[in-house]
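# Observations on the three-dimensional arrangement
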Amino acid sequence: MKIEWQFTPKEMGKVFPVDYNRFYSPFVSSAQRLPNGNTLITEGASGMLMEVTRNHELVWEYISPYWGKIVHINQVYRAYRIPYEWIPQLSKPTETAIEPVDVRNFRMPGASLSGADRIVEVEGCNPFFGGSGVCVVTDVEENQN
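Presented here is a report on the structure given in the accompanying data block. Quantities reported herein were computed from a predicted structural model and do not represent experimental measurements.

Moving on: the environment of Glu43. In this structure, Glu43 sits in strand E2 (residues 39-43). Here Glu43 falls in the buried class, since its relative accessible area comes to 4%. Setting aside residues up to four positions removed in sequence, Glu43 forms contacts with Arg22, Phe23, Tyr24, Ser25, Ser29 and Met48.

With that settled, consider the pairing of E2. Extensive coverage of E2 is indicated by the burial of five of its five residues. Neither face of E2 is exposed, since Thr39, Ile41 and Glu43 on one face and Leu40 and Thr42 on the opposite face are all buried. The loop that links strand E1 (residues 30-33) with its antiparallel partner E2 comprises five residues; one of these, Gly37, has a positive phi angle of about 95°. Count of turn residues in the E2/strand E3 (residues 48-52) antiparallel hairpin: four residues, of which Gly47 carries a positive phi of about 70°.

Counting six residues, the largest nonpolar core is built from Phe7, Phe23, Ile41, Met48, Met50 and Val52. In contact with Ile41, other than residues within four places in its own chain, are Phe7, Phe23, Ser30, Ala31, Met48, Leu49, Met50 and Val52. The next biggest cluster of nonpolar side chains, apart from the first, holds five residues, and it includes Leu34, Leu40, Leu49 and Val76.

Per the stated rule, a full pass over the model turns up one aromatic pair. Ring geometry for Trp5 and Phe7: centres 6.2 Å apart, planes at 5°, overall stacked. The class for Phe7 is buried, based on a relative accessible area of 12%. Taking NZ or CZ as reference, Arg33 lies 5.0 Å from the ring centre of Trp5, over its face.

Strands pair in a sheet through their backbones, by hydrogen bonds, and they do so in one of two ways: parallel or antiparallel. Within the open sheet, the four strands sit side by side as E1-E2-E3-E4. Their pairing is antiparallel. Looking at the sheet topology across the chains shown, the edges are occupied by E1 and strand E4 (58-63). Averaged over all pairs of adjacent strands, the angle between strand axes in this sheet comes to 10°, irrespective of strand direction. Strand direction decides the pairing type here: E1 and E2, joined by four bridges, are antiparallel. Opposite Gln32, over in E2, you have Leu40 as the bridge partner.

Within the secondary structure layout, Gln32 lies in strand E1. Apart from the residues within four sequence positions on either side, Gln32 is in contact with Asn38, Thr39, Leu40, Ala79, Tyr80 and Arg81.

Inspection of every chain in the model, using the stated rule, returns one salt bridge. Between Arg81 and Glu51 there is a salt bridge whose closest N-O contact spans 2.2 Å. Here the residue Arg81 occupies a position in the loop between E4 and strand E5 (125-127), and Glu51 occupies one in strand E3, the gap between them amounting to 30 residues.

Here is what the cut-offs are and how they apply
- Residues numbered from 1 in each chain as written.
- Predicted model: local features only at pLDDT ≥ 70, side-chain atom pairs only at ≥ 80, totals over all residues.
- Heavy atoms only, no water.
- Helix = DSSP H or I, 4+ residues; strand = E, 2+ residues; numbered from the N terminus.
- Buried < 20%, exposed > 50% of the residue type's maximum accessible area, 1.4 Å probe, protein only.
- Contact = heavy atoms within 4.5 Å.
- Pairing = 2+ DSSP bridges.
- Core = buried A, V, L, I, M, F, W, Y, C linked by side-chain atoms within 4.5 Å.
- Phe/Tyr/Trp six-rings, centres within 6.5 Å; stacked < 30°, edge-to-face > 60°.
- Lys NZ or Arg CZ within 6 Å of the ring centre and 35° of its normal.
- Axes fitted to C-alpha atoms, helices over the stretch in contact; angles between N-to-C directions.
- Salt bridge = Lys/Arg side-chain N within 4 Å of Asp/Glu carboxyl O.

Quick look at the structure:
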């Protein structure tokens, strides 16, 4: 009854609470521990597959581009990583490392500069995190103990 290892939005570097829903699937998901110690995770509702190391490093990820015609979703029921040797008709492909994109600084060509043009303060709202777009309104007096 002890957690040996887990991979949550926190280990993914997601911002709490606004990004935590991006790694959640209410159905059709799975995880497979691989012989090399990595874990293959199927986040089925959003059609995302990923392999992560024991140290929570992303090895690769794939988002299914195949969308349903009747129900417009790209869910994946389950995925398994199988050895190349199981498909003798194909030669083993060359795996090439791809540098991860720093999504905090990546800008599409022609996009506006990052950062806010102006900051609007609303009386009665406190920032949830410094600089975040989330604010919290409270009906409790600040000086009450």
